[in-house]
Amino acid sequence: MAASTAKDSTSGAQTAKSPKKTKVPVDESELLTVPDGWKEPAFTREDNPRGLLEESSFATLFPKYREAYLKECWPLVDKALGDLHIKASLDLIEGSVTVSTTKKTFDPYAIVKARDLIKLLARSVPFEQAVRILQDDVACDIIKIGTMVRNRERFVKRRQRLIGPKGSTLKALELLTNCYVMVQGNTVSALGPFNGLKEVRKVVMDTMKNIHPIYNIKTLMIKQELSKDPDLRTQNWERFLPKFRHKNLSKRKEPKKKSVKKEYTPFPPPQPESKVDQELASGEFFLRESVKRRKKMGEIKVKQAEALTKKQEERNKAFIPPKEKPLMTKTAKAPTEGKLDIAAIKEKVKKAKTKKLGAPPVIPPPPTSSTTDKKKRKTKDKG
C-alpha cells in the first residue's frame, strides 16, 4: 500500500511539473527577413583585445597594363589598409600584390577583405569602388565566364550582350541590384550587397547560356515593385513573374535517321550460302568448264553492249539541236473594257474651269491700236 501511494504521489508530481508544451507557430519569412533599419554593430578592439595569434597573408598577380594605375593609387591603398592595421606591399618586378596581418590587427576578417580588395584592383576595378569592400555590409564576387562558351566569336557576342548598347544593360542591372559590375576580359567583377550579388551572378550565368539579360532585368523590376507592398511581401510571387519560352529551339526533336532495333533472338543468324552452294542450287555446278566459260563471256558481252549504247547516246546529245523559241510573239489584244471615255473627261475639264480654286484667274489686257495696226500690215505684206 505504501509503495502504491508513493508511486501515485510521484506520478502526480511529474504531471504537475511537466505540463504539455504548446508550440507557438512562427512565420519562417519573418525569421529570414532582416528588419528595416537594422544594422550589425561594428567589430572593435574591445571584441578582440589580444589580437591574432598567427600571421596570415595573401598575394595576387596583376597584368602589365595595371602597373601604372596601381603605382598611382598605391598611397591611397596603403592608407585604407593601414586603418585596419594590415600591411600591403607592391612588387612591380614580379607583378604581384601581397597583404598580411600585423601584431596590431584585431579584426580576423580584415585580411579577407584586404585579399578581395587587391583581387578587384587586379581585375581593373577602380580604387574608388574597390575600397568599398572594406565596409561590413559590402561583399564582392568575381565570376569566371571564359570557359562557359567554347566558340570565341559567340563568347564575345554574349559578353557584349551583357554590356548592352553604350552600357545601358549593365547600368540597368547596377540600378536594380545596387551593385557595381565590371566586365573585363574573361571575368565579371561585382561589388555590393549579398542579395544583389546573387542576382548579378544569375543574370551573368544566364547570359552566357544564351538567355537575353532583358528577361532577368524585367523579372527584377517586377520583384522590386512587389517588395514595396507589405501585404505581398509574405506571398508567393510566381503568378506575377513573367514566364519566357525559348523560341530558338529547333522543332525537330527526333533524329533524321532512326535506327530500328531488331527483335532479340537467342539463335545466331543463318550462315550465308557459299559460291558452291549457289551453283548447286542453280545447276551450274554440273555444267562443263567450256559451257561455263561460254556463259560467262556471253554475260560480259551483254554488259559491254549496254555500256557502249549509253556512251553513244551521251555523244549524240551534243549533235541534237535545241528547240528554237518562236521569233514573233502573239500580240495580246487590247482589252475593250479599258478604253478611255473621252466625253466624261471633257465634262470634268469644263467643271474644273468653272470652279474658283486659289487666286483669281489673270485676265489679259485688251490689245492696243498700235499692235492691231502692226498685225494688219503683216497680213497685207504676206498677201
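What you see is a predicted model; the values in this text were computed from it and never measured. (Residues numbered from 1 in each chain as written. Predicted model: local features only at pLDDT ≥ 70, side-chain atom pairs only at ≥ 80, totals over all residues. Heavy atoms only, no water.)

Glancing now at the overall build of the chain. Helices and strands together make up the secondary structure of the chain, namely 13 helices and 6 strands. When each of the 383 residues of the chain is scored for burial, the buried share is 22%. The contacts of the chain with a sequence gap of at least 6 include a subset with a gap of at least 24, amounting to 58%. Of the accessible surface of the chain, which amounts to about 32900 Å², a share of 57% is contributed by carbon and sulfur atoms. (Helix = DSSP H or I, 4+ residues; strand = E, 2+ residues; numbered from the N terminus. Buried < 20%, exposed > 50% of the residue type's maximum accessible area, 1.4 Å probe, protein only. Contact = heavy atoms within 4.5 Å. Areas by Shrake-Rupley, 256 points an atom, 1.4 Å probe, with all protein chains shown as cover.)

Here we take up the sheet that holds strand β1 (residues 57-61). Strand order in the open sheet formed by 3 strands is β1-β3-β2, with antiparallel pairing between adjacent strands. The sheet is open, and its two borders are formed by β1 and β2 (86-91), each paired with just one other strand. Strand-to-strand twist in this sheet, taken as the mean axis angle between neighbours without regard to direction, amounts to 15°. Relative to strand β3 (residues 96-101), β1 runs antiparallel, the two sharing 5 bridges. Note on β3: the bridge partner recorded for Phe58 is Val99. Sheet strands touched by helix α3 (residues 67-82): β2 and β3. Its angle to β2, the strand with the most contacts, is close to 165°. (Pairing = 2+ DSSP bridges. Axes fitted to C-alpha atoms, helices over the stretch in contact; angles between N-to-C directions.)

Right, let's get into the packing of aromatic side chains. If you walk through the whole model with that rule in mind, you get 2 aromatic pairs. Ring centres of Phe285 and Phe286 lie 5.6 Å apart, and the angle between their planes is 90°; on these two criteria the pair is classed as edge-to-face. (Phe/Tyr/Trp six-rings, centres within 6.5 Å; stacked < 30°, edge-to-face > 60°.)

The next subject is the packing of helix α6 (residues 152-163) against helix α8 (residues 194-208). Closest axis-to-axis distance for the α6/α8 pair is 9 Å, and the angle between their directions is 145°. Once α6 is placed against α8, the crossing between them reads as right-handed. Between α6 and α8, the contacting residues are Phe155, Arg158, Arg159 and Leu162 on the first element and Val203, Val204, Thr207 and Met208 on the second. (Left-handed = near helix turned anticlockwise from the far one by under 90°.)

Together, Val276, Leu280, Phe285 and Phe286 line one region of the surface with nonpolar side chains, adding up to about 400 Å² of accessible area. Residue placement: Phe285 occurs in the loop between α10 (275-282) and α11 (289-316). (Patch = residues over 30% accessible without salt bridge, like charges linked within 9 Å, V, L, I, M, F, W, Y side chains within 5 Å. Salt bridge = Lys/Arg side-chain N within 4 Å of Asp/Glu carboxyl O.)

A few words now on the side chain of Thr169. Mapped onto the fold, Thr169 is located in helix α7 (residues 168-177). Every residue in contact with Thr169, bar those within four places of it in the chain, is listed here: Arg161, Leu162, Ile163, Gly164, Pro213 and Ile217.

Remark on secondary structure: sheet strands pair via backbone hydrogen bonds, oriented parallel or antiparallel. Ordered by their spatial adjacency, 3 strands build an open sheet running β4-β6-β5, and the pairing between neighbours is antiparallel. Each of the sheet's edge strands pairs with one partner strand only, and the pair in question is β4 (139-144) and β5 (180-184). Averaged over all pairs of adjacent strands, the angle between strand axes in this sheet comes to 15°, irrespective of strand direction. Taken together, the 6 bridges between β4 and strand β6 (residues 187-192) define a ladder with antiparallel strand orientation.

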